[in-house]
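# Structure at a glance
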Amino acid sequence: MSSTHNEKCKGKHFTWSMPMSYMLLEILAEETLKENKPSSTFKAESFVKVATKISKKFNVQCEPKHVDNHLKTVKKEWGIITKLKNKSGFSWNDCLKMITVLKNIYNE
């Protein structure tokens, strides 16, 4: 991946870089602490805040719907990781930042 920050909107698909994803999670964590997450989802203004800050910092056109969609993707991926790492023979390797599995379990 290029180190430049000129990620573009490709049609309706917005490309997220790792720094953008980190920023999204940091801002939403702050919003949670400020009690701007009254239920299982965030208030609309939280998504607007994330989109605005990402657009400014990374010189992209990030919309609140991009934030909402990416958060759904992150939640889905986290669910898969959690499910896998809790299976017998699977574990999380913090140095590699990935799920590992015993060879005999993998071969099964």
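Before any of the text, the structure's been laid out above.
Rules behind the numbers
- Residues numbered from 1 in each chain as written.
- Predicted model: local features only at pLDDT ≥ 70, side-chain atom pairs only at ≥ 80, totals over all residues.
- Heavy atoms only, no water.
- 1 Å grid on protein atoms, 1.4 Å probe; cavity = no way out; pocket = protein on both sides within 12 Å on 5 of 7 lines; lining within 4 Å.
- Points joined across faces, edges and corners; volume = space filled by probe spheres on them.
- Helix = DSSP H or I, 4+ residues; strand = E, 2+ residues; numbered from the N terminus.
- Nonpolar A, V, L, I, M, F, W, Y, C, P; charged D, E, K, R; others polar.
- Polar contact = N/O pair within 3.5 Å; in protein donor to acceptor, adjacent residues only side chain to side chain.
- Contact = heavy atoms within 4.5 Å.
- Axes fitted to C-alpha atoms, helices over the stretch in contact; angles between N-to-C directions.
- Parallel < 35°, antiparallel > 145°, perpendicular 65-115°, else oblique.
- Phe/Tyr/Trp six-rings, centres within 6.5 Å; stacked < 30°, edge-to-face > 60°.
- Buried < 20%, exposed > 50% of the residue type's maximum accessible area, 1.4 Å probe, protein only.
- Lys NZ or Arg CZ within 6 Å of the ring centre and 35° of its normal.

Attention shifts here to the layout of surface pockets. Volume-wise, the largest pocket comes out at about 430 Å³. As for the largest pocket, its lining consists of Met18, Ser21, Tyr22, Leu25, His70, Thr73, Val74, Glu77, Trp78, Ile81, Lys85 and Trp92. Those elements that place two or more of their residues in the lining of the largest pocket are α1 (18–33) and α3 (64–85). Here the lining of the largest pocket takes seven residues from α3, the largest share from any one element. Classifying every residue of the lining of the largest pocket gives seven nonpolar, three polar and two charged.

For the rest of this paragraph, the subject is the side chain of Ser55. Relative to the helices and strands, Ser55 is located in helix α2 (residues 44–58). Among the polar contacts listed, one links the side chain of Ser55 to the backbone oxygen of Ala51, at a separation of 2.8 Å. When residues no more than four places from it in sequence are discounted, the contact partners of Ser55 are Val60, Gln61 and Cys62.

This brings us to the packing of α2 against α3. Put simply, α2 and α3 touch, their axes get as near as 8 Å, and they point 105° apart. Relative to α3, the element α2 lies roughly perpendicular. Every residue of α3 that contacts α2 at Phe47, Val48, Val50 and Ala51 is listed here: Pro64, Val67, Asp68 and Leu71. Classifying every residue of the contact of α2 with α3 by side-chain character gives seven nonpolar, no polar and one charged.

Moving on to the packing of aromatic side chains. Summed over all chains, the structure comprises two aromatic pairs. Their ring planes at 75° and their centres at 5.2 Å tell us that Phe14 and Trp16 sit as a pair that is edge-to-face. For Phe14, a relative accessible area of 6% gives the class buried. Residue placement shows Lys37 over the ring face of Phe42; its charged tip is 5.6 Å from the ring centre.

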